Amino acid sequence: MKKVLTHRLVLPIAALIALVAVNTIARPSFVSVTVQNGQLYGPLIDILRNSAPLMLVSLGMMVVIATRGIDLSVGAIMAVSGAVALTIIDGSPTPDDLGTVLAAIGVAVLIGLLLGAWNGMLVALVGVQPIIATLVLMLAGRGVALLITGGFITTINSAPYKFMAQGYVIGLPFAFFVSVAAIVIVALVERRTALGMLTEAVGINPEASRLAGVRARGIIWGAYAASGLLAGLAGILYSSNTMAADSNAAGLYIELYAILAVVLGGTSLMGGKFTIAGTVIGVFTIETLRSTILFLGVPSAVAPLFLAIAVVIVVLIQSPRVRGIVTRVAQGMRGGTKAEVAR
Amino acid sequence: MTSIQAPAAKAGFASFARRFIRRRVSWIPVFAAVALLVVIFVAAQAYFGNFLTPRVISALLLDNAYLFVLAVGMTFVILTGGIDLSVGAVMAFTGMLGASLLRDGVPSGLVVPIMLLLGATFGLAIGVLVQYFDVQPFIASLAAMFAARGLAFIVSLDSIKVEVPEILWLQSTRIQGAPGGFYITPTGIIALLVVIAGALVLAFTRFGRTIYAIGGSEQSARLMGLPVVRTKLLAYVVSGVCAGLAGVVFTAYTGASYPLNGLGTELDTIAAVVIGGTLLTGGSGYVVGSMIGVFVYGTIRTAISFMGADQSWTRISIGLLLLVFVVVQRLIVARSERR
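Procedures and definitions
- Residues numbered from 1 in each chain as written.
- Chains lettered and ligands numbered in written order.
- Predicted model: local features only at pLDDT ≥ 70, side-chain atom pairs only at ≥ 80, totals over all residues.
- Helix = DSSP H or I, 4+ residues; strand = E, 2+ residues; numbered from the N terminus.
- Rg over C-alpha atoms; globule rule 2.2 N^0.38 Å.
- Buried ≥ 20, exposed ≤ 12 C-beta atoms within 10 Å, placed from the backbone.
- Contact = placed C-beta atoms within 7 Å.
- Core = buried A, V, L, I, M, F, W, Y, C linked by C-beta atoms within 7 Å.
- Expected span 1.5 Å × (residues − 1).
- Nonpolar A, V, L, I, M, F, W, Y, C, P; charged D, E, K, R; others polar.
- Axes fitted to C-alpha atoms, helices over the stretch in contact; angles between N-to-C directions.
- Parallel < 35°, antiparallel > 145°, perpendicular 65-115°, else oblique.
- Left-handed = near helix turned anticlockwise from the far one by under 90°.
- pLDDT = per-residue confidence, 0-100.

### Digging into the overall build of chain B
Reasoning step 1: Regarding its fold elements, chain B presents 15 helices and 4 strands.
Reasoning step 2: Rg of the C-alpha trace for chain B: 21 Å, near the compact-globule value of 20 Å for 339 residues, within the 12% margin.
Reasoning step 3: When its C-alpha atoms are laid out on the principal axes, chain B stretches across 80 × 55 × 35 Å.
Reasoning step 4: Taken across its 339 residues, chain B has 50% of its residues classed as buried.

And the structure:
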């Protein structure tokens, strides 16, 4: 029982369950799922669908954070990738052709990968601080995206592209399957090979891991490239949801939400150990919180305030000082018989 | 002795330059920023022919007054090795609250101190999170940014017009100074005063020197018995007060407050500070450099609007400049580490 209570995923899971419970009590329709034409509808299904871009970005962010880095450029990469894909489809004579759409998606995701590799080069080869290296692209990326679309919001009509975010497969949103596939691939690559352990080694102590023969440079580079690739894919999902390439709005603040999701899940910003399950829970927590805020009728512009409160609560729970106080209080309640602290 | 005077004068300059550079090695990034500014000025003048006019130069100070104020506060925080992402949102929130108080008839003599105090509160909150709860500055100021942005929208979802004469006076008064149409507004004077005050505090006070010591090595500063906790808290408070003051200046500048004001300003501010030669690792940099950085930013923006090009080019060029400066800084640091 004690082992279960001190597991690092307890707090994130408890937070998510509490949030869902509060929602269910406040509006019983929250957990209701209706079936129309063999497709499932309901607030929970919406959360599964809408969380897909954040899920992809957060998975990439988690790997980058594990190497002691941070990737601020994911929102800008999303904007660029959406702009590229929609410009290609818009310019092609056959926007409804599956081949055209796949080619557009391929090019856009490849560009996301290249932009991520650029970040990785700055961090791993040149040795620039991650915050600044990715800040460059964060500043310039949106401008580039605006140039690609010529300053306009490109809108398209393309059935296969629309399917990406709005289509259904065996009753569930297609976007959900995309995020499940991403989770599975990341989990397989990181946990069924040594890559995950090496990534953590780089994050825990770059110098020691280098001396132990870990190729830190390649691993850091790869982490940023993966983050760029996933952000590129997230950009496709986002633009497919609105069928428009809005370079100013696409992925705005998503880097912050993604960092928050990763931290909520229990991965430390100091790098090192990361938890995929925690990140997934973190993403769902944020998405549920967003849905709650919308339901409460709070103007969506005020939503950041609630996120700020959530961030402060989470970081306070994680902070050593508060944990120390809690432990001391708990010990006091047990009559101070137990000297050693269960950590 | 007189016979070697002439060659010595020639060699003297080279050695003087070398000695100068060796003694002022920490100023080199600032000189680089000044050189960049001159290059941009000359290039823009050569390209447009009518760029270096009193009107444009005066407008540079006027249009970017809030950014100067923000950059000074940001320099304090970055010098301690921290970062403050909240400045843009705090500027928007203080501006919104100030405008709504003014609309309700609260005298401006009361509103402005309230705005500054509000900024200070945000700074203090970030500082407490960073110092007492071991939260990373990035995350703590991120939370403050979210909070301030949300609060700004709680004040009002729409923009609030400011019609109080003494606030508008800050912007509309044109003090004609030097011959040839140069002018300065009270907001510009505020910006310059903040820069001067910031530079003096950092250079000559115990607080300022402690900031450099903390940025150089927090551990050493603590072992030397310097008041690390108090100084770091105070650095964030300075940044918060600057954000509040920027709220006043920006409200005067636009004559209205809008909750989306200053979106992305924190990035512009950080970029200006870095271009001005302040190292993000802390411990090295000058407020004067940040001022030059803001001038570079403002000049690029003006040049791009002169060209009639899309303003998205501003962010692209600032991003590229940031890249060049960071890589060069990195090379300088790498070289000094090898020695």
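On we go from here.
### Remarks on the overall build of chain A
Reasoning step 1: Across its full length, chain A carries 16 helices and 6 strands.
Reasoning step 2: Computed over the C-alpha atoms, the radius of gyration of chain A is 21 Å, within 12% of the 20 Å expected from 2.2 N^0.38 for a compact globule of 343 residues.
Reasoning step 3: Along the longest, intermediate and shortest principal axes, the C-alpha atoms of chain A span 75 × 55 × 35 Å.
Reasoning step 4: Burial statistics for chain A: of 343 residues in total, 48% are counted as buried.
Reasoning step 5: Across chain A, the fraction of contacts at a sequence separation of at least 24, relative to all contacts at a separation of at least 6, is 77%.

### Concerning the nonpolar core
Reasoning step 1: Counting residues in hydrophobic clusters, the biggest one holds 213 residues, and the most contacted among them are B:V69 and B:L322.
Reasoning step 2: Of all the elements, helix 12 (residues 216–242) of chain A adds the most residues to this core, at 16 residues.
Reasoning step 3: What B:L322 contacts, discounting residues up to four positions off in sequence, is A:L135, A:V136, A:L139, B:A271, B:V274 and B:I275.

### Overview of helix 16 (residues 320–333) of chain A
Reasoning step 1: Taking 1.5 Å of rise per residue, the 14 residues of helix 16 of chain A would be expected to cover 20 Å, and the 20 Å separating its terminal C-alpha atoms lies within 8% of that figure.
Reasoning step 2: A small share of helix 16 of chain A lies buried, amounting to 0 of its 14 residues.

### Digging into the interface of chain A and chain B
Reasoning step 1: In this assembly, 35 residues from chain A lie in contact with 36 residues from chain B.
Reasoning step 2: Within the residue set of the side of chain A that touches chain B, elements represented by two or more residues are helix 7 (130–148), helix 13 (254–264), helix 15 (303–318) and helix 16 of chain A.
Reasoning step 3: It is helix 7 of chain A that provides the largest number of residues to the side of chain A that touches chain B, a total of 11 residues.
Reasoning step 4: When its residues are assigned to classes, the side of chain A that touches chain B shows 28 nonpolar, 5 polar and 2 charged.

### Side note on unusual backbone geometry
Reasoning step 1: Backbone geometry at A:M243 places phi at a positive 55 degrees, although glycine is not the residue there.
Reasoning step 2: Non-glycine residue B:D134 carries a positive phi angle of around 55 degrees.
Reasoning step 3: By C-beta crowding, B:D134 is classed as partly exposed, having 15 other C-beta atoms within 10 Å.

### A word on the packing of helix 15 of chain A against helix 7 (residues 137–155) of chain B
Reasoning step 1: As a packed pair, helix 15 of chain A and helix 7 of chain B sit with axes 6 Å apart at the nearest point and diverge in direction by 150 degrees. Compared by their axis directions, helix 15 of chain A and helix 7 of chain B come out roughly antiparallel. Like other packed secondary-structure pairs, helix 15 of chain A and helix 7 of chain B cross with a definite hand, here left-handed. Residues A:A303, A:P304, A:L305, A:L307, A:A308, A:V311, A:V312 and A:V315 of helix 15 of chain A touch helix 7 of chain B, and the partners they reach there are B:I139, B:L142, B:A143, B:F146, B:A147, B:R149, B:G150 and B:L151.
Reasoning step 2: Tallied by class, the residues present in the contact of helix 15 of chain A with helix 7 of chain B amount to 14 nonpolar, 1 polar and 1 charged.

### Brief notes about helix 7 of chain B
Reasoning step 1: The terminal C-alpha atoms of helix 7 of chain B lie 27 Å apart, and with 19 residues this matches the ideal 27 Å at 1.5 Å per residue to within 8%.
Reasoning step 2: Most of helix 7 of chain B is tucked away, with 16 of its 19 residues classed as buried.

### Re the environment of A:Y238
All names here are of chain A.
Reasoning step 1: By the secondary structure assignment, Y238 is in helix 12.
Reasoning step 2: Judged by C-beta crowding, with 29 C-beta atoms within 10 Å, Y238 ranks as buried.
Reasoning step 3: As for Y238 and G82, which are separated by 156 residues in sequence, their C-alpha atoms are 7.5 Å apart.
Reasoning step 4: Ignoring anything within four residues of it in the chain, the contact list for Y238 reads P53, M78, G82, A250 and G251.

### Quick notes on the confidence of the model for chain B
All names here are of chain B.
Reasoning step 1: On average, residues of chain B carry a pLDDT of 86, and 94% of them reach 70 or more.
Reasoning step 2: Between the elements of chain B, mean pLDDT differs from a low of 65, seen in helix 1 (residues 5–23), to a high of 94, seen in helix 4 (residues 65–79).
Reasoning step 3: Low pLDDT, under 50, characterises residues 1–6; the predicted model gives this stretch 0 contacts beyond four residues in sequence or across chains.

### Description of the environment of B:L62
Residues and elements named next belong to chain B.
Reasoning step 1: In this fold, L62 is placed in helix 3 (residues 54–63).
Reasoning step 2: Residue class for L62 comes out partly exposed when judged on the 18 C-beta atoms lying within 10 Å of it.
Reasoning step 3: As for L62 and R19, which are separated by 43 residues in sequence, their C-alpha atoms are 38 Å apart.
Reasoning step 4: Setting aside its immediate chain neighbours within four residues, L62 contacts T185, T187 and G188.

### Here we look at the packing of helix 5 (residues 74–91) of chain A against helix 6 (residues 98–126) of chain A
All names here are of chain A.
Reasoning step 1: Look at helix 5 against helix 6: their axes get within 8 Å of each other, and the N-to-C directions meet at 150 degrees. The angle between helix 5 and helix 6 falls in the class roughly antiparallel. When the axes of helix 5 and helix 6 are compared, the crossing they make is right-handed. Taking contact as the criterion, the partners of I77, V80, S81, V84, A85, I88 and I89 in helix 5 are, on helix 6, T100, V101, A104, I105, V107, A108, V109, I111, G112, L115 and G116.
Reasoning step 2: Across the contact of helix 5 with helix 6, the residue classes tally to 14 nonpolar, 4 polar and no charged.

### Digging into the confidence of the model for chain A
Residues and elements named next belong to chain A.
Reasoning step 1: Mean pLDDT over chain A: 85, with 95% of residues reaching 70 or higher.
Reasoning step 2: The weakest mean pLDDT in chain A belongs to helix 1 (residues 2–6) at 62; the strongest belongs to helix 4 (residues 52–66) at 94.
Reasoning step 3: The low-confidence segment residues 336–343, where pLDDT is below 50, has 5 contacts with residues more than four positions distant or belonging to other chains.

### Some remarks on the environment of B:A197
Reasoning step 1: Structurally, B:A197 can be placed in helix 9 (residues 186–204).
Reasoning step 2: Residues B:A197 and B:G12 lie 185 residues apart in sequence; the distance between their C-alpha atoms is 36 Å.

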